[in-house]
Amino acid sequence: MTGSNDGMPPDEAVGRRRFLGYVLAAPTLVAAAELGVTASPDIRPPSPDIRLPSPEITEILDLNDMMTLAALPTSGLVTVEVHPDGTVSFALPRAEVGQGITTSTAMLIAEEMSVPLDRVRVTLADARPELVFNQLTGGSNTTIATYTPIRVAAAVARLRLLAAAAVELGSAVTDLALKDGVVTARSGASVGIGALAGTAASTRTRQVPVTLTPREDFTVIGRPQNRIDALDAVTGRKKFTMDLDVPGAKPTMICRPPTINGRVGPVANLAEVRAMPGVTDVVTVSTGVAVRAETFGQCIDAVRALKVSWKPGTAEGKSDETVLRELEAAELPIGLRPPTPVVEERFTFHFRSNSALEPNCAIADVRADRAEIWSSLKSPIVAQQAIAATLRLPVGRVTVHVTEGGGSFGRKLFSDAALEAAEVSQKLGKPVKLMWHRADDSRQGRTHPMATSRVRVSYLGDTVLSYKQRHTSVSTDLGHGLGEIITATAAKLPVGDIGFSETFFQLSQTMSYDFGSSSRLLSETDKGFNTGSMRNVYSPDVTCARELIVDRLAARMGRDPYRFRRDFLRNDRSRAVLEKAAEAGGWGRPMPAGTAQGIAFHAEYKSVSAALVEIDCRPETVGRPIRDGVAGPRVTKAVFVVDVGLVVNPRGLEAQMMGGIMDGIALALTSSLHLRDGYFLEASWDNYFYTRQWNTPPELQIIIMPSGSEKPGGAGELGVAASMAAVACAYGRATGTMPTGFPINHGTLSFTPKPTVPPVPPSPTDGLDHAR
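Only a predicted model underlies this, so the values are computations on that prediction, with no experimental measurement involved.

Caption draft 1: Representation of the overall build of the protein in the model. Check the secondary structure of the protein and you find 20 helices and 31 strands. Here the C-alpha radius of gyration of the protein, 27 Å, is about what a compact globule of 772 residues would show, namely 28 Å. Counting across all 772 residues of the protein, residues that qualify as buried make up 60%. A sequence separation of at least 24 residues applies to 79% of the contacts in the protein between residues at least 6 apart. Summed over its atoms, the accessible surface of the protein is roughly 29,400 Å², and 55% of this surface lies on carbon and sulfur atoms. Of the charged side chains in the protein, 81 are positive and 81 negative; the average position of the first set lies 1 Å away from that of the second.

The following block contains the structure:
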């Protein structure tokens, strides 16, 4: 560190709430944090109540810790700015895709600066390569990584405002109070922070020691807050990529191949399609044939009219069955069967769509010497660097604007729409507003890879001796790396990719039970599919397999599933959430035949969770008539309990858990892609069965456990794994048969697949018929 400690004793210079920040040279007040090893994440030996002699690696260092450490060196480049109108602005180097981080960020600033929440303006930062690892949105890391830097920067601003007010009001700083954006002296004289923005600024960059607000004095953090963008979202005023008015950017779509990653060949009727109404341009690009027109409807008509000769793709002829055989062949050895009793099973998890609610889209304006891109991107630095390389432009000549997104589930870690838009714009020499069709994203977009998970547990009497899990997956594309081009490239290289995946796997999985000697290994195969880091990545499948085995193990030992889990969980914090779920959900209450309860536990990223669900598998429920769909069992009740440490916005956390529960229900019961002859049969949300209204639980309760922690834990993905596992366990208890293939309804194809040529279906005209 540089600069003095302003007279502070060395042992008081920094600490639990005392940090160093900067006021930056600027015409108005701009403040930043300086964080290094003194503010590193909470990496420490495991709690003394953990009974295993060897701690889990994730109790020492997990994926979230690694991401937080990587972000620390550039945290001082992220600034809080005070404006003459009394507002405070902050450009968040993350992507807001509906998870509510702009709200929680505004709350951190409002807390430390004592300004009203509605006067904090949080925008999304453009791609900033100098941030290196500090502009990646993923791994439930945003709040953990930004919690302290944002507060320190805001605290520096507060300190400077008070110092400027002392001069303005002729009063000692200790006699001033800052509240609601106004500094008031004991005499009653006051001045707003806007009037102080200029005088509080500095002509040179200087280091400033600050003390953060203690938790017991919080008035904003920890209080339920509505989303700051909620009104705009529900009234249609919120701007997404497709809402932006970029001069000259006309609707653009791409005619894509009939099989996964097929390659474009000759086009028989280019001139004919170019002459269609509204069409301005048709050009062949690396992923297909691009059409630019006056409207998206005209784009669809032109795409459907194109006659393209396609070359084979990377999954030609493959099906669920052939991929399953590949997975079985790639499974790592689990070892010789021990002489003691064992519980063993292999579980199958089919492909799942990684489509977000918002269509994959981007706007690009590429000129000879520069490019400008607009898109919702969770790894914008990688996008900027990849686009620059593709266009053969210096990185500094490519501007990438991060727009707010309508959902992601990990989908927006990949910038394929932005890359396509840049390529089309460069070839045409015109701005384009590119959007994928729903069929494009289902069939050519990102998927959660198909996987198997084999588990073997050995036991003797009341003691569990060992737990082994061998998870085998179609290769997970982690080509976003840690948010910049070097790790992104390394994650794609031979050997590098499985090394990256294995590291990700080991640092995100935790064995929470005292099950003796424990091992888990990952094997991946087949890079021919477009996969991604779908929400919770490996955890839903790994946890679901484990919790089903825990249920079977409890039955073998003649134990109640809940009490068995409680007795084998390794610490009091984990037991507390499980006990609360059992209590609130009425575990063990009498249930009619064909219905049952299920309970499950999951821990990740310094957070713990437990889910209790009730499911109805009776014939009259399973056989409910659904148009072009399969109803299947229904979860009738869900109780979800979380302990994430310090909670910034309880209302936002509840919303995150609610979404995670719906994800878990979908993964367990209905949500999958069917692979046949090298393509997926699903072609839109109408035949991809995410949790629908007919399968949402009428009773839903989310309980946030009180915590005295000074730090937040990861929460963005926490709701998925335990929910999926609890539904699977409940299904097994209701039917008497433990499920081994997911989703449970995968074997029922309830719709007529849409053709692959043309690649997009005609626009629907039967909406009124379906409303009857």
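From this point, things continue past the structure.
Caption draft 2: Broad picture of the packing of helix α18 (residues 650-669) against helix α19 (residues 718-735). Interhelical geometry of α18 versus α19 gives an angle of 40° and a closest axis separation of 7 Å. What the angle tells us is that α18 and α19 run oblique. Both α18 and α19 take part in a crossing whose hand is right-handed. Residue-level inspection shows Met657, Gly660, Ile661, Asp663, Gly664, Ile665, Leu667, Ala668 and Leu669 of α18 in contact with α19, the latter providing Leu718, Gly719, Val720, Ser723, Met724, Val727 and Ala728. Here the contact of α18 with α19 is composed, by residue class, of 11 nonpolar, four polar and one charged.

Caption draft 3: Here's a closer look at the sheet that holds strand β27 (residues 634-643). Strands sit in the order β25-β26-β27-β30 across an open sheet of four strands; the sheet is mixed. Edge positions in the open sheet fall to β25 (595-604) and β30 (699-704), since each of these has one partner strand only. In this sheet, neighbouring strand axes are inclined to one another by 10° on average, regardless of whether the strands run parallel or antiparallel. By the bridge criterion, 10 bridges tie β25 to strand β26 (residues 607-616) in an arrangement that is antiparallel. By the bridge assignment, glutamine 597 is partnered in β26 with glutamate 614.

Caption draft 4: Layout of the pattern of salt bridges. Across all of its chains, the model carries 46 salt bridges by this definition. Between aspartate 229 and lysine 238 there is a salt bridge, with its nearest N and O atoms 2.6 Å apart. Since its relative accessible area comes to 9%, aspartate 229 is described here as buried. Here the salt bridges share partners, and the residues they tie into one network are Glu331, Arg337, Glu344, Arg346, Arg454 and Arg456.

Caption draft 5: Structural view of the packing of helix α2 (residues 101-113) against helix α3 (residues 142-169). Their axes nearest at 8 Å, the elements α2 and α3 cross at an angle of 35°. As α2 packs across α3, the resulting crossing turns out to be right-handed. Touching Ile101, Ser104, Thr105, Leu108, Ile109, Glu112 and Met113 of α2 are Thr142, Thr143, Thr146, Tyr147, Ile150, Arg151, Ala154, Ala155, Ala157, Arg158 and Leu161, all from α3.

Caption draft 6: Representation of the sheet that holds strand β2 (residues 30-34). Taken together, the six strands give an open sheet; going across it, the order is β5-β4-β3-β2-β1-β9, and neighbouring strands pair in mixed fashion. Only two strands of the sheet have a single partner each, and these edge strands are β5 (120-124) and β9 (206-211). The sheet shows a mean angle of 30° between the axes of neighbouring strands, taken without regard to direction. Pairing of strand β1 (residues 18-23) with β2 involves four bridges; the strand directions are antiparallel. Bridging across to β2, tyrosine 22 finds its partner in alanine 32.

Caption draft 7: Representation of the packing of aromatic side chains in the model. If you walk through the whole model with that rule in mind, you get 13 aromatic pairs. Between the aromatic rings of phenylalanine 504 and tyrosine 538, the centroid separation amounts to 5.9 Å while the plane-to-plane angle is 70°, which identifies the pairing as edge-to-face. Here phenylalanine 504 is found in helix α13 (residues 496-508), whereas its partner tyrosine 538 is found in the loop between β24 (517-525) and α14 (539-556), with 34 residues between them in sequence. Residue phenylalanine 504 is classed as buried on the basis of its relative accessible area of 11%. Ring plane angle 45° and centroid distance 6.3 Å describe the contact between phenylalanine 515 and phenylalanine 564, whose orientation is recorded as tilted.

Caption draft 8: Focus on unusual backbone geometry. The step from phenylalanine 742 to proline 743 runs through a cis peptide bond, and the omega angle for that step is -5°. Along the chain, the position of proline 743 falls in the loop between β31 (741-742) and α20 (767-770). Residue proline 758 follows valine 757 across a cis peptide bond; omega there is -5°. Along the polypeptide, proline 758 turns up in the loop between β31 and α20. Phi at serine 114 takes a positive value of approximately 55°, unusual for a residue other than glycine.

Caption draft 9: Quick peek at the nonpolar core. If you look at the biggest cluster of nonpolar residues, it comprises 76 residues, and the most contacted ones within it are Phe515, Leu553, Phe564, Ile615 and Phe742. No other element matches α19, which puts 12 residues into this core. Not counting residues up to four positions away in its chain, the partners in contact with leucine 553 are Val343, Val457, Tyr459, Val464, Phe515 and Phe564. Membership of the second largest hydrophobic core comes to 58 residues, among which are Leu117, Ala185, Leu212 and Val402.

Caption draft 10: Structural detail: the pairing of strand β12 (residues 279-285). Of all seven residues making up β12, five are buried, and the element is well covered by its neighbours. Bridge count for β12 against strand β13 (residues 288-293) is six bridges, and the pairing is antiparallel. By the bridge assignment for β13, threonine 284 is matched with valine 289. Adjacent in sequence and paired antiparallel, β12 and β13 are bridged by two residues.

Caption draft 11: Representation of the environment of valine 343 within the structure. Its location among the elements puts valine 343 in strand β15 (residues 342-349). Residue classification places valine 343 among the buried residues on the basis of a relative accessible area of 0%. Linking valine 343 and threonine 102, residues 241 residues apart in sequence, is a C-alpha distance of 46 Å. Apart from residues no more than four positions distant in its own chain, valine 343 is found in contact with Val455, Arg456, Val457, Tyr459, Ile549, Arg552, Leu553 and Arg556.

Caption draft 12: Broad picture of the side chain of asparagine 134. With respect to the helices, strands and loops of the structure, asparagine 134 is situated in the loop between β5 and α3. Looking at asparagine 134, the relative accessible area reads 5%, which means it is buried. Among the polar contacts made by the side chain of asparagine 134, one reaches the side chain of threonine 74 at a distance of 3.4 Å. What asparagine 134 contacts, discounting residues up to four positions off in sequence, is Ala71, Thr74, Ser75, Val78, Pro93 and Arg94.

Caption draft 13: Helix α15 (residues 561-568), seen in detail. Considered for burial, the residues of α15 that qualify are Pro561, Tyr562, Phe564, Arg565 and Phe568. End-on, the buried residues of α15 take up no more than an arc of 165°, which puts them together on one face. Of the surrounding secondary structure, the elements contacted by the buried residues of α15 are β23 (463-474), α14, α16 (572-585), β25 and α19. Where α15 begins, one side-chain oxygen reaches toward the backbone nitrogen of tyrosine 562, 3.0 Å away; that side chain belongs to aspartate 560.

Caption draft 14: Spatial organisation of the domain arrangement of the protein. For the protein, the assigned domains read domain 1 (16-226), domain 2 (241-314 + 360-435) and domain 3 (322-352 + 446-742). Domain 1 and domain 3 are separated by 35 Å when their C-alpha centres are compared. Listed as interface residues are 42 residues of domain 1 and, on the opposing side, 44 residues of domain 3. A buried area of about 3,600 Å², summed over both sides, lies between domain 1 and domain 3, and 55% of it is on carbon and sulfur atoms. Counting across the interface, domain 1 meets domain 3 through four salt bridges. With a shortest N-O distance of 2.9 Å, arginine 520 and glutamate 56 are connected by a salt bridge. The tally of links from domain 1 across to domain 3 stands at 15 residue pairs in polar contact (both at pLDDT 80 or more). Those elements that place two or more of their residues in the side of domain 1 that touches domain 3 are α1 (63-71), α2 and α3. Residues belonging to the side of domain 1 that touches domain 3 are distributed by class as follows: 19 nonpolar, 13 polar and 10 charged.

Cut-offs applied
- Residues numbered from 1 in each chain as written.
- Predicted model: local features only at pLDDT ≥ 70, side-chain atom pairs only at ≥ 80, totals over all residues.
- Heavy atoms only, no water.
- Helix = DSSP H or I, 4+ residues; strand = E, 2+ residues; numbered from the N terminus.
- Rg over C-alpha atoms; globule rule 2.2 N^0.38 Å.
- Buried < 20%, exposed > 50% of the residue type's maximum accessible area, 1.4 Å probe, protein only.
- Contact = heavy atoms within 4.5 Å.
- Areas by Shrake-Rupley, 256 points an atom, 1.4 Å probe, with all protein chains shown as cover.
- Lys, Arg positive; Asp, Glu negative; His and termini not counted.
- Charge placed at Lys NZ, Arg CZ, Asp CG, Glu CD.
- Axes fitted to C-alpha atoms, helices over the stretch in contact; angles between N-to-C directions.
- Parallel < 35°, antiparallel > 145°, perpendicular 65-115°, else oblique.
- Left-handed = near helix turned anticlockwise from the far one by under 90°.
- Nonpolar A, V, L, I, M, F, W, Y, C, P; charged D, E, K, R; others polar.
- Pairing = 2+ DSSP bridges.
- Salt bridge = Lys/Arg side-chain N within 4 Å of Asp/Glu carboxyl O.
- Phe/Tyr/Trp six-rings, centres within 6.5 Å; stacked < 30°, edge-to-face > 60°.
- Core = buried A, V, L, I, M, F, W, Y, C linked by side-chain atoms within 4.5 Å.
- Polar contact = N/O pair within 3.5 Å; in protein donor to acceptor, adjacent residues only side chain to side chain.
- Arc of directions from axis to C-beta.
- Domains from an automatic or database assignment.
- Buried area = accessible area lost by both parts, 1.4 Å probe.

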